[in-house]
Amino acid sequence: MKVSLLPVLNDPNLDAAAPSTQRQLAISVSAMAREIDSSVPLNLCLILDHSGSMGGRPLETVKQAAGRLLDRLKPGDRFCAVAFDHKAKVLVPNQIVGDPASIKRQIEQLRPAGGTAIDEGIKLGIEELGKGKKETISQAFLLTDGENEHGDDSRCLKLAKLAAEYNLTLNSLGFGDSWNQDILEKIADAGGGALAHIQRPEDAVDEFGKLFTRVQGVGLTNAYLLFSLMPKVRLAELKPIAQVAPDTIELPVQQQGDRFMVRLGDLMKDVERVILANIYIGQLPEGTQAIGQLQIRYDDPSVGQNLLSDPVAISANVVKVYQPALNPMVQQHILALAKYRQTQLAETRLQQGDRAGAATMLQTAAKTALQMGDKSAATVLQTSATRLQSGEQLSEADRKKTRIASKTILK
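Residues numbered from 1 in each chain as written. Predicted model: local features only at pLDDT ≥ 70, side-chain atom pairs only at ≥ 80, totals over all residues. Heavy atoms only, no water.

Peer 1: Would you mind going over the packing of helix H7 (residues 328-351) against helix H10 (residues 396-407) in detail, with residue names and values included?
Peer 2: For the pair H7 and H10, the least separation of the axes is 8 Å and the interaxial angle reads 150°. In terms of axis orientation, H7 runs roughly antiparallel to H10. Judged by the twist between their axes, the crossing of H7 over H10 is left-handed. Together, Lys-339, Tyr-340, Thr-343, Glu-347 and Leu-350 of H7 and Arg-399, Thr-402, Arg-403, Ala-405, Ser-406 and Lys-407 of H10 make up the contact between the two elements. (Axes fitted to C-alpha atoms, helices over the stretch in contact; angles between N-to-C directions. Helix = DSSP H or I, 4+ residues; strand = E, 2+ residues; numbered from the N terminus. Parallel < 35°, antiparallel > 145°, perpendicular 65-115°, else oblique. Left-handed = near helix turned anticlockwise from the far one by under 90°. Contact = heavy atoms within 4.5 Å.)

Rendered as structure tokens:
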């Protein structure tokens, strides 16, 4: 089996006398490195903002970061690059990398000009990336430093979803502090990728490198979590499924007959994706009781599409004399989701003009981060709360740090 799939309840014990019990189910999923063909080529596309605001050091450091990525590509890997201002153009056509120095020279010719139309860049990037899609792992890096002033945000999201449907992963990198964090995060979430923040020009090489390392770890693509629940078991009605590691994302659930389906996208080798499901279990007889079954449908670029992992059963221990048996790792995952949602509530209250309410929720999120042992995130969240309490406005940099702290475990 090429997929590791492990379900764990936050408490496997159920009270036989309880008419209904709420449980959190943590589902760990990863590609098993020893089963994966490591020779599958990477198909990488850079979609680069070269608008006027990128002039000077920002664009120069992005070129440097792109050059470093080219140095890390392996024989047989593919590369292309698209540049956009208020329109888009192919900077480097999709090709097998044979002469990295020549490609670097093409990228070096990029000059700052014009405005920003992110959707035009995404559209052309998808088209170019698609030319090398067959039997590869296809990834795009979208970088911008500004608002989509000459484009349409809703079109960006439609294009990101289209990319995911074609098994092309779209990652977002926000440069500086003036980019729209909502739209870039939504693009990354819809495109199945990650969101990164390049706060200073000198961070460009490092952030590109981190994202590239993540991409190199991809073993399987286009993965879906399939699960069925027994008759007395149901999903919570509001936000029942979320990813909590390696970062936190709310995941939409589709229903097909009596089975549920959640798109996971790429699976990294021996790096867990953790999905948290909020379920309710009705009264069951004593003993070990089956409450559901899980399976992963995925593509293996070296073999084929629509492969299935072995099914894995989910069971609970129904007892007459109930004693809790909380799983500490699942409790950590629950806290990670709480931190994210508390920060989201803080942002909503701030948008509504409720500064005190926002500060209170950020303080709560900071305490949750401390419970997790995530001291760096706690510091970021508490700093933002303190600034609001003292009457200060949160800067764009503060807002972006707060959002990143809410989604990830800060190192």
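Further notes follow.
Peer 1: With reference to specific residues and values, describe the pattern of salt bridges.
Peer 2: Counted according to the given criterion, the structure contains 23 salt bridges. Between Lys-123 and Glu-127 there is a salt bridge whose closest N-O contact spans 2.8 Å. Remark: Glu-127 and Lys-123 occur in helix H3 (residues 118-130); sequence separation between them is four residues, near one turn of the helix. The class for Lys-123 is partly exposed, based on a relative accessible area of 34%. Take Glu-127: its relative accessible area is 39%, and that puts it in the partly exposed class. Taken together, the shared-partner salt bridges connect Asp-182, Glu-185, Asp-189, Glu-347, Arg-403 and Lys-407 into one network. (Salt bridge = Lys/Arg side-chain N within 4 Å of Asp/Glu carboxyl O. Buried < 20%, exposed > 50% of the residue type's maximum accessible area, 1.4 Å probe, protein only.)

Peer 1: Provide a residue-level description of the sheet that holds strand E5 (residues 78-84), including the pertinent values.
Peer 2: Read from one edge of the open sheet, six strands run E6-E5-E4-E7-E8-E9, paired in mixed fashion. The outermost strands of the open sheet, each flanked by one partner alone, are strand E6 (88-96) and strand E9 (192-198). Across the sheet, the axes of successive neighbouring strands diverge by a mean angle of 15°, strand direction being ignored. Sheet topology places strand E7 (residues 137-144) next to strand E8 (residues 169-175); six bridges connect them, and they run parallel. Along E8, the bridge assignment pairs Phe-141 with Asn-171. (Pairing = 2+ DSSP bridges.)

Peer 1: I'd like a description of the state of the cysteines, backed by residues and values.
Peer 2: A full pass over the atoms with the stated rule returns zero disulfides. Summary of cysteine pairing: Cys-80 is not part of a disulfide, and the nearest cysteine sulfur, belonging to Cys-45, is at 3.5 Å. (Disulfide = S-S within 2.5 Å.)

Peer 1: So, unusual backbone geometry: which residues are in play, and what are the values?
Peer 2: Of note, the bond from Ala-245 into Pro-246 is cis; its omega dihedral lies within 30 degrees of zero at 5°. Along the chain, the position of Pro-246 falls in the loop between strand E12 (241-245) and strand E13 (249-250). Even without glycine at this site, Glu-135 takes up a positive phi of about 55°. Here Glu-135 lies in the loop between H3 and E7. Classification of Glu-135 by relative accessible area gives exposed; the value is 55%. Phi angles above zero are rare outside glycine, and Asp-270 is one such case at about 60°. Mapped onto the elements, Asp-270 comes out in the loop between strand E15 (259-268) and strand E16 (273-282).

Peer 1: Tell me what's going on with empty space enclosed by the protein, and back it up with residues and numbers.
Peer 2: The tally for this structure, following the rule as stated, stands at three cavities of 30 Å³ or more. The space that makes up the largest cavity amounts to roughly 50 Å³. Together, Leu-25, Ile-27, Phe-227, Leu-229, Leu-235, Ile-241, Ala-277, Ile-279, Ile-291, Leu-294 and Ile-314 line the largest cavity. Of all the secondary structure elements, the ones that give two or more residues to the lining of the largest cavity are strand E3 (20-31), strand E10 (218-229), E16 and strand E17 (287-300). A breakdown of the residues in the lining of the largest cavity according to their chemical character gives 11 nonpolar, no polar and no charged. (1 Å grid on protein atoms, 1.4 Å probe; cavity = no way out; pocket = protein on both sides within 12 Å on 5 of 7 lines; lining within 4 Å. Points joined across faces, edges and corners; volume = space filled by probe spheres on them. Nonpolar A, V, L, I, M, F, W, Y, C, P; charged D, E, K, R; others polar.)

Peer 1: Now, about the pairing of E3: what can you tell me, with residues and values included?
Peer 2: Within E3, 10 of the 12 residues are buried, which leaves the element mostly enclosed by the surrounding structure. As defined by bridge partners, strand E1 (residues 3-9) adjoins E3 across seven bridges and the pair is classed as antiparallel. In the strand pairing of E3, Leu-6 is matched with Ser-28. Taken together, the 10 bridges between E3 and E16 define a ladder with antiparallel strand orientation.

Peer 1: Tell me about a negative patch on the surface, and please be specific about residues and values.
Peer 2: Among the surface-exposed residues, Glu-147, Glu-149, Asp-152 and Asp-153 lie close enough to one another that they form a single negatively charged patch. Residue position: Glu-149 is located in the loop between E7 and helix H4 (153-165). On the basis of relative accessible area, Glu-149 is assigned to the exposed category, the value being 55%. (Patch = residues over 30% accessible without salt bridge, like charges linked within 9 Å, V, L, I, M, F, W, Y side chains within 5 Å. Areas by Shrake-Rupley, 256 points an atom, 1.4 Å probe, with all protein chains shown as cover. Lys, Arg positive; Asp, Glu negative; His and termini not counted. Charge placed at Lys NZ, Arg CZ, Asp CG, Glu CD.)

Peer 1: Can you lay out the environment of Leu-44 for me, pointing to particular residues and giving the numbers?
Peer 2: With respect to the element layout, Leu-44 can be found in strand E4 (residues 42-49). The class of Leu-44 is buried, set by a relative accessible area of 0%. Residues Leu-44 and Phe-141 lie 97 residues apart in sequence; the distance between their C-alpha atoms is 7.8 Å. The residues touching Leu-44, leaving out its near neighbours within four places in the chain, are Leu-69, Leu-73, Arg-78, Phe-79, Cys-80, Leu-129, Gln-139, Phe-141 and Phe-212.

Peer 1: Lay out the side chain of Thr-248 in plain terms, naming residues and giving numbers.
Peer 2: For Thr-248, the location among the structural elements is in the loop between E12 and E13. Taking the relative accessible area as the measure of exposure, Thr-248 reaches 2% and is therefore buried. With sequence-adjacent residues up to four places away left out, Thr-248 is seen in contact with Gln-243, Ala-336, Leu-337, Tyr-340, Ser-406 and Lys-407.

Peer 1: Could you give an account of helix H6 (residues 204-216), with specific residues and numbers?
Peer 2: Between its terminal C-alpha atoms H6 stretches 18 Å, which fits the 18 Å expected from 13 residues at 1.5 Å a residue. The complete set of buried residues in H6 reads Ala-204, Glu-207, Phe-208, Gly-209, Leu-211, Phe-212 and Val-215. The secondary structure elements touched by the buried residues of H6 are E4, helix H1 (57-72), E7, E8, E9 and E10. (Expected span 1.5 Å × (residues − 1).)

Peer 1: How would you sum up the packing of aromatic side chains? Please name residues and give values.
Peer 2: What the rule picks out here adds up to two aromatic pairs. Seen in terms of ring centroids, Phe-227 and Phe-260 are 5.4 Å apart; in terms of plane orientation they differ by 25°. Their pairing is stacked. Here Phe-227 is found in strand E10, whereas its partner Phe-260 is found in strand E15, with 33 residues between them in sequence. Positioned above the aromatic ring of Tyr-224, the side-chain terminus of Arg-297 is 4.7 Å from the ring centre. Here Lys-400 stacks its cationic end above the ring of Trp-179, 4.9 Å away from the centre of that ring. (Phe/Tyr/Trp six-rings, centres within 6.5 Å; stacked < 30°, edge-to-face > 60°. Lys NZ or Arg CZ within 6 Å of the ring centre and 35° of its normal.)

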